[in-house]
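Architecture and fold: a report
Chain residues, written in single-letter form:
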Amino acid sequence: HNRLCKLDHSTINGFYLNLRQPATRNASSKPMALNSIRYVNRVLNKALGDAILEKIIRENPCRGIKVSGKSETIYNTLTKSEVDLLTDHIRGTSLFLPVSLCVSMGLRRSEALGLRWKDVDFENETISIKKTLVMTSVGPILQTPKTKSSLRTLPMQNKLKPILLAAKEKRDAHRKILGKDYKDNDFVCSKENGGHYSPNYITHRFANVLNELPITKTRYHDLRHTFATIALENNVPLKVVSYFLGHSTLSITGNIYSHVTDPLAREHFNSIADFIW
C-alpha cells in the first residue's frame, strides 16, 4: 500500500522490524527468521534497482540498508552412528534413496527429487544437478535451479553407485511389468509407476520415521547440514564443501558453518603455534 515514490529508509526498516517482531501474535504472523529477512532485503533491493533502470524512480531507498544481527537458526545434525541407524531403518522404503542422496552428497530435497537418470553418468561416475522438483500452488513442478552455482556436477561416491544401480534395475523391471501404464518421467526417486514423489510427502514421512528412532530430531533439510558438518570435521576444505553444496559464495558456507569452522581454525592455529614454539 506504499507508493514507490514515497518509500524511504524508515518505511523499509519498519517493514523489516515488523517481519522480525510482528505486531499481532497469530499463526499467520509468526516472526520471520533473520536469514529470510536478508533474502527479502536482497530481492527488494534488486527490484528497486530495476525500477531505476525503468526510470520509475530516481533513487533506490533500499540502498545502504543492512539487516544486522546474528542468525538464530539452529541446525541439528546427525552423528555417523545415527545416520547408520536411520539408513538401516528405511532401507527398502521410498525414503531410502532421497535420504541417501541428501545425507551423502549434501543435496537439497528439491535436487534429490528432481534428479533424473539422464543426469547420472555411471561410466564417468558423475551426478549432474540440473533440475529441481519444488512445491507450488498448483503442485510439484520441475524447474531449473535459481542460481548458476546450484548447477553442478558431483563425483559419484563408491558406496552410492551400487545403490543407484539397484534402483535403476528396479525401475527397468517396473517399466517392463507396467508397460503403457508406466509414467516414464525419468526420475531417480520415483514411485513404482514412475511418478514423482511430492516433496511434502517425503518431509512428512521423514518426520514420522524419526519418531520411531532414538536419534536426534532434525528437519529433513538438516541431512544436508549433516553432510557439510561431517565433511568439514574431516578436514575437507571449505571451498570444496561450498562447491558440493552449490553455494553462490564461499562466505555463505563460512557463515552457516562457523560453529564448525571456528573450532577447527583454532585447532589448526594452535597446532601451528605448537610447532613453532
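This write-up is about the structure you can find in this document.

What counts and what doesn't
- Residues numbered from 1 in each chain as written.
- Predicted model: local features only at pLDDT ≥ 70, side-chain atom pairs only at ≥ 80, totals over all residues.
- Heavy atoms only, no water.
- Salt bridge = Lys/Arg side-chain N within 4 Å of Asp/Glu carboxyl O.
- Buried < 20%, exposed > 50% of the residue type's maximum accessible area, 1.4 Å probe, protein only.
- Helix = DSSP H or I, 4+ residues; strand = E, 2+ residues; numbered from the N terminus.
- Contact = heavy atoms within 4.5 Å.
- Axes fitted to C-alpha atoms, helices over the stretch in contact; angles between N-to-C directions.
- Parallel < 35°, antiparallel > 145°, perpendicular 65-115°, else oblique.
- Left-handed = near helix turned anticlockwise from the far one by under 90°.
- Nonpolar A, V, L, I, M, F, W, Y, C, P; charged D, E, K, R; others polar.
- Phe/Tyr/Trp six-rings, centres within 6.5 Å; stacked < 30°, edge-to-face > 60°.
- Pairing = 2+ DSSP bridges.

Let us look at the pattern of salt bridges. With the rule as written, the count across this model stands at 14 salt bridges. In this structure, the salt-bridge partner of Arg171 is Asp172, at a minimum N-O distance of 2.8 Å. Since its relative accessible area comes to 30%, Asp172 is described here as partly exposed.

Turning our eyes to something else, we now look at the side chain of Ser242. Mapped onto the secondary structure, Ser242 falls in helix α9 (residues 238–245). Ignoring anything within four residues of it in the chain, the contact list for Ser242 reads His247, Thr249, Leu250 and Thr253.

As a further point, take the packing of helix α1 (residues 9–20) against helix α2 (residues 34–53). Their axes nearest at 10 Å, the elements α1 and α2 cross at an angle of 150°. Classified by the angle their axes make, α1 and α2 are roughly antiparallel. With respect to the hand of their crossing, α1 and α2 are arranged in right-handed fashion. Here α1 contributes Ile12, Phe15, Tyr16, Leu19 and Arg20 to the contact with α2, which in turn contributes Leu34, Ile37, Val40, Asn41, Leu44 and Leu48. Each residue belonging to the contact of α1 with α2 can be placed in one class, and the counts come to nine nonpolar, one polar and one charged.

Applying the stated criterion across every chain, the model contains six aromatic pairs. On the numbers, 5.6 Å between centres and 45° between planes, the contact of Phe15 with Tyr16 is tilted. Relative accessible area serves as the criterion here: at 39%, Phe15 is assigned to the partly exposed category. Geometrically, the ring pair formed by Tyr197 and Tyr201 is stacked, given 5.8 Å between the ring centres and 10° between the ring planes. Owing to a relative accessible area of 12%, Tyr197 belongs among the buried residues under this scheme.

Taken together, three strands build an open sheet; the order of strands is β1-β2-β5 and the sheet is antiparallel. Each edge of the open sheet is held by one strand with a lone partner, namely β1 (120–121) and β5 (152–155). By the bridge criterion, two bridges tie β1 to strand β2 (residues 126–129) in an arrangement that is antiparallel. The residue of β2 that forms the bridge with Val120 is Ile127.

With that out of the way, let us pick up the packing of helix α3 (residues 80–90) against helix α7 (residues 199–211). Running from N to C, α3 and α7 cross one another at 110°; their axes reach a closest spacing of 11 Å. With respect to α7, the element α3 is oriented roughly perpendicular. Crossing hand, α3 versus α7: right-handed. Only Phe206, Val209 and Leu210 of α7 make contact with α3, whose side of the interface consists of Leu86, His89 and Ile90. Residue classes in the contact of α3 with α7 are distributed as five nonpolar, one polar and no charged.

So, to be careful, I would describe these as geometric facts and stop short of saying anything about function.
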